[in-house]
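Coordinates in review
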Amino acid sequence: MSPSKNRALLVGVSTYEDKKPPHGVPGDLPAVEHNLNMLRRALLKGGVFDDDSITVCRSPSQGKFNEALYSAAAETDGLLLLYFAGHGATPSSGVPLFLQMRDARVIRGGHTVFPGAAKYDDVQTVLLSSKAERIVVVLDCCYAGNAGVAWEREHEYSKRRVLLLMSVQANHRIDAGDPATPTPFTAELVRLLEKPGEWRFRWLSGQLREEMARQKTMRGEPWVPQSRAEPGEDVLLSARPESGAVQPPRTEEPAHLSPRPSPLLKHLRHRAAALGTLVLTLAAFAFGTYGLVSLVGSSPVCAPPLELRVLTDPDLKPTVTSAANTYLTSEENTDGDGCRVSGITVYSARSADVVTALREESEPWQEPRAEETNPQRDIGPQADIWIPGSPAAAQRAEHERDTNPKASLKVEGQPFAYSPVVLAVPTTLPAADQRTDRKLAELIADLRGRADQAEVRRSDPEFTDSALFATIGLYDDADRALDVEKQLDQPGPPSDTAAQLLCELPRDDAVDDRTAVLVPEFLLKSGVGCDSWRRSPRIAEYPTNVPGLEPTFVRVRWQDGDLDRDARDAAVADFRSWLTDGQGRDAFARAGFRAATGRRPLLDGSGPAPGVLPDPKPLTEAAGRNETEAALRAYRAAHGPGRVLFLLDSSGSMASLWDGPSGGPGLLKQSLGGLGGQDEYGVRAVADTPEGDRYVPLLPLATHDREDAVRTIDQAEVRSGADSDPHAALLGALDDMADQGTDDRPQLIVYITDSGDHDRMTGGKLDEVLTRAKSAGVPVAMVSLRGGACGAGKPDARIAAASGGRCLDADDDIGKGLSAEVERTGLGEDQ
């Protein structure tokens, strides 16, 4: 087997065959030829790629580009870099992005087609078919930012592999500059790559944003390059020695993937330390999860390790990831030749969705057939291992399963750690006399009795098991779940995870100082990834009727997935043994977990974290399937049927953002999945009419048949040349929904817009909307199809905050975020 290799495919289209109307491209791009020459030189000097690993495609046809792309994807096991410079084009909807090759044409009719152009979505799919550990895509073309939509649609596993750098924000055209010089974006990229030092993707992206913002797009707006990368993911792209330093001699063997540092590499490290003259450059781009790319030296040739996919509860993900990273480099995961036996990908998804997918959707998970049901997209790859927060989750997934499930589940062993769910009270509030041996309702009543201003919050019970367990305690002895939910002080939708909840509170010190939170105890020791020094310290109180987190190891096997069954079973067994009975417990000990059995002492024996009792008792036993399902049903139905009023901007500026699944109507239709037959919803098209109306009703505020509603929305059209009046539209919606709110239904206003006419809502008009939003008691979800609309101080962000709603813009995953907002308001199809 040949060693793994880094590869770079540099594609530049400077010459086009068809430049005449009506179907030709705008013209040739001589500057792109300079791009290729200068970028190739910069990459060679950077040391991550050698001469043999860089392929330059000059003005290829679509067919030639496809051949080069397939070849690069098939031959790369290390880092794969794709660079494209040339014309970019999009249909009126703005998605998808097409990369125009030498033989490109544009045919406009009922819908626009782009023969001779590569659809970026397809390019990304080919790249992801590669065995490459990391994939970097750099696009220097008009509309480059529109590629972000394709990246956002990928599931978490794919997003971790792909780092995307786009020369300009979505829906913007850019100037190629002087024909005698490189294009402005690539010129700046090359300048940064040629600086001495080690330069990684995230640093380059940030620097490019700063530098290019001084220039203007063809619209006259600041030129702001965009990037997409999962949190924590990075990759080395250049490592040039400082002036006078000696570069290591290039070996005949190309750069390759080495599961562990080779003996020669270790030797060279020692030599470098002793002599102080030899510079070694390493691309460590996976933080322990995906291996190490070695740029010098040689090592035994190792086959790519078998990859295990571990799906876990979102609250558990940081701890499980830490354990997996330790296991990857452990002796237990290394064979006699020093090669890694298995790799591990840890990912998480909303716990309720995981249970539903394993119980009812294992067939589309294995082979997706429909856009609306695709667990591969919404959850991630087919898991080998599932680590939920409790055995009850596995019991729920097994209960009343599909008649022909494609996945089989087996709980292997008992839970291997424990963390009680506690009421974490800020030290700024008066301390309780009794922190244990009381129900949650008693603890909360006592807290509010000694501190009138105290608030209580909990994260989303559908997202994590710990929040669901807290809900069990909240609903205990309660006649109506709605009464309990009203007592929680969560403005807008609940936080997804306990860690996110703890991170959001310090945005307002006064709120942080008076708010108790229901979170797993271990977070009081391990902390969370935000400004911990700003957070108010908290003391744990231990309710007797809230089950604790009990991580459980579940083996998942898939029908017809047995080609490597024996090897995969052995790899899973080795990891389970290490995780549940061996050194893996150290990661849970460091995080603050307790033993799963006995009196549940803290695992590390070093004593409790501040605010944690060393031996609280009694500690609650495991949650059961029936009580978790009952609590989840009660939570979903707590507010009864919901009411949603959609405002759909149909003014002329929306023309380029109208068609397709990411256009205004498309996003609205996707969100209807969270509404059921008992939920009321209406749609208004917001645009000035010749008669002087500010909006036109498309659907009345009532219950609807889904198919009829979709047909009506499909008939909506942009009102060419018309403006919209967001001031009038929002005031009308807030007034109408406030009048409807006497029946105590959960309500939501959704405004889908490009924010293009918000200059008509400034000064006193904006103040009027903000005042009404605060008093109406109806959250407003402001959904902008342009980037930056939710920035601090922007009208969209201020309206959402004033109403207790949420702001989403093109920099977010709008479809997912909007669907979540609507789903929280309605009962959905299953009720």
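These notes cover the structure that comes with them.

Rules of the game
Residues numbered from 1 in each chain as written. Predicted model: local features only at pLDDT ≥ 70, side-chain atom pairs only at ≥ 80, totals over all residues. Heavy atoms only, no water. Buried < 20%, exposed > 50% of the residue type's maximum accessible area, 1.4 Å probe, protein only. Helix = DSSP H or I, 4+ residues; strand = E, 2+ residues; numbered from the N terminus. Pairing = 2+ DSSP bridges. Axes fitted to C-alpha atoms, helices over the stretch in contact; angles between N-to-C directions. Parallel < 35°, antiparallel > 145°, perpendicular 65-115°, else oblique. Contact = heavy atoms within 4.5 Å. Nonpolar A, V, L, I, M, F, W, Y, C, P; charged D, E, K, R; others polar. Salt bridge = Lys/Arg side-chain N within 4 Å of Asp/Glu carboxyl O. Core = buried A, V, L, I, M, F, W, Y, C linked by side-chain atoms within 4.5 Å. Phe/Tyr/Trp six-rings, centres within 6.5 Å; stacked < 30°, edge-to-face > 60°. Expected span 1.5 Å × (residues − 1). Arc of directions from axis to C-beta.

1. What about the pairing of strand β8 (residues 162-166)?
In terms of burial, β8 is largely enclosed, as five of its five residues are buried. Along β8, one buried face is formed by Val 162, Leu 164 and Met 166 and the opposite face, lined by Leu 163 and Leu 165, is buried too. Pairing analysis gives five bridges linking strand β7 (residues 134-140) to β8, with the strands arranged parallel. Following the sheet pairing, Val 136 is matched in β8 by Leu 163. Here three bridges tie β8 to strand β10 (residues 226-228), and the two strands are oriented antiparallel to one another.

2. Topic: the packing of helix α23 (residues 664-671) against helix α24 (residues 706-714)
In contact at an axis separation of 10 Å, α23 and α24 are set at 170 degrees when each is read in the N-to-C sense. Here α23 lies roughly antiparallel to α24, going by the angle between them. For the pair α23 and α24, contact is made by Pro 665, Leu 668 and Lys 669 and by Val 710, Ile 713 and Asp 714, respectively. Of the residues belonging to the contact of α23 with α24, the class tally is four nonpolar, no polar and two charged.

3. A few points about the pattern of salt bridges
One pass over the full model with this rule turns up 47 salt bridges. Of the charged contacts in the structure, one is a salt bridge between Asp 446 and Arg 450, with a shortest N-O distance of 2.3 Å. Of this pair, Asp 446 and Arg 450 both sit in helix α14 (residues 440-450), four residues apart, roughly one helical turn. Assessed through its relative accessible area of 27%, Asp 446 is described here as partly exposed. Two residues, Arg 458 and Glu 485, come together in a salt bridge whose shortest N-O distance is 3.0 Å. Of the two residues, Arg 458 sits in strand β20 (residues 455-458) while Glu 485 sits in helix α16 (residues 481-487), which places them 27 residues apart along the sequence. A relative accessible area of 11% places Glu 485 in the buried class. Each of the salt bridges in this network shares a partner with another, and the network as a whole consists of Arg 309, Asp 384, Asp 564 and Arg 568.

4. Describing the sheet that holds strand β18 (residues 407-411)
With mixed pairing, the five strands of this open sheet are ordered in space as β16-β15-β17-β23-β18. Sheet topology places β16 (342-348) and β18 at the edges, where each strand pairs with a single neighbour. Along the sheet, successive strands turn relative to each other by an average axial angle of 25 degrees, direction set aside. In the sheet, strand β15 (residues 306-312) pairs with β16 via seven bridges, with the strands oriented parallel. Opposite Thr 312, over in β16, you have Ser 348 as the bridge partner. Taken strand by strand, helix α20 (residues 565-581) contacts β15, β16, β17 (385-387) and β23 (554-558), and its axis lies near 55 degrees from that of β15.

5. With respect to the nonpolar core
Counting 74 residues, the largest nonpolar core has Ile 344, Phe 575 and Leu 579 as its most contacted members. Element by element, the count of residues in this core is highest for helix α15 (residues 465-475), at six residues. When neighbours within four sequence positions are excluded, Leu 579 is seen to be in contact with Ala 323, Ile 387, Phe 416, Phe 553, Gly 584, Arg 585 and Phe 588. If you look at the next biggest cluster of nonpolar residues, it comprises 73 residues, including Leu 9, Leu 99, Ala 104 and Leu 192.

6. Regarding unusual backbone geometry
A cis amide bond links Pro 21 with the next residue in sequence, Pro 22, at an omega value of 5 degrees. Inspection of the secondary structure puts Pro 22 in the loop between β1 (7-12) and α1 (31-46). Note that the residue after Lys 617, namely Pro 618, is joined by a cis bond; omega there is 0 degrees. With respect to the element layout, Pro 618 can be found in the loop between α21 (584-591) and α22 (625-636). Phi at Asn 171 is positive, roughly 65 degrees, even though this residue is not glycine. Although it is not a glycine, Ser 755 sits at a positive phi angle of roughly 60 degrees.

7. Here we look at the sheet that holds strand β2 (residues 54-58)
Read across the open sheet, the six strands follow the order β2-β1-β3-β7-β8-β10; overall the sheet is mixed. Strand pairing shows two members of the sheet lacking a second neighbour, β2 and β10, which therefore form its edges. Taken over all neighbouring pairs, the strand axes of this sheet differ in orientation by 10 degrees on average, direction set aside. Along the sheet face, α1 touches β1, β2, β3 (79-85) and β7 and points at about 180 degrees away from the line of β2. Each of β1, β2 and β3 touches helix α2 (residues 62-75); the most contacted strand, β1, lies at about 165 degrees to it.

8. A short note on the packing of aromatic side chains
Applying the stated rule across the entire model yields ten aromatic pairs. Among the aromatic side chains, those forming a connected cluster through ring pairs are Tyr 327, Phe 553, Phe 575 and Trp 578.

9. Some remarks on the environment of Trp 658
You can see Trp 658 is positioned in the loop between β24 (643-649) and α23. Measuring from C-alpha to C-alpha, the distance between Trp 658 and Leu 785 comes to 9.8 Å, with 127 residues separating the pair along the chain. Ignoring sequence-local partners within four residues, the contact set of Trp 658 consists of Leu 648, Asp 649, Ser 650, Gly 663, Gly 664, Pro 665, Ala 716, Glu 717 and Val 718.

10. Here's the deal with the side chain of Lys 159
Note on placement: Lys 159 falls in helix α5 (residues 156-161). Residue Lys 159 is classed as buried on the basis of its relative accessible area of 13%. Setting aside chain neighbours within four positions, we find Lys 159 in contact with Trp 151, Glu 152, Glu 154 and Glu 230.

11. A word on the pairing of strand β21 (residues 515-520)
With six of its six residues buried, β21 lies for the most part within the structure. Note that strand β19 (residues 421-426) and β21 share four bridges and pair antiparallel. Bridge pairing in β21 links Val 422 to Val 519.

12. Brief notes about the environment of Tyr 143
Summarising the element assignment, Tyr 143 is placed in the loop between β7 and α4 (148-153). Between the C-alpha atoms of Tyr 143 and Met 166, which are 23 residues apart in sequence, the distance is 8.7 Å. Setting aside residues no more than four positions away along its own chain, Tyr 143 makes contact with Gly 88, Ala 89, Thr 90, Leu 97, Val 168, Asn 171, His 172 and Arg 173.

13. Comments concerning α1
Here α1 contains 16 residues, and its C-alpha end-to-end distance of 23 Å stays within 8% of the 22 Å for a straight helix at 1.5 Å per residue. Within α1, burial applies to Ala 31, Val 32, Asn 35, Leu 36, Leu 39, Ala 42, Leu 43 and Gly 46. Around the axis of α1, the buried residues are gathered within 145 degrees of arc, so they sit on the same side. Note on α1: the residue one or two positions beyond its end, Gly 47, has a positive phi of about 85 degrees.

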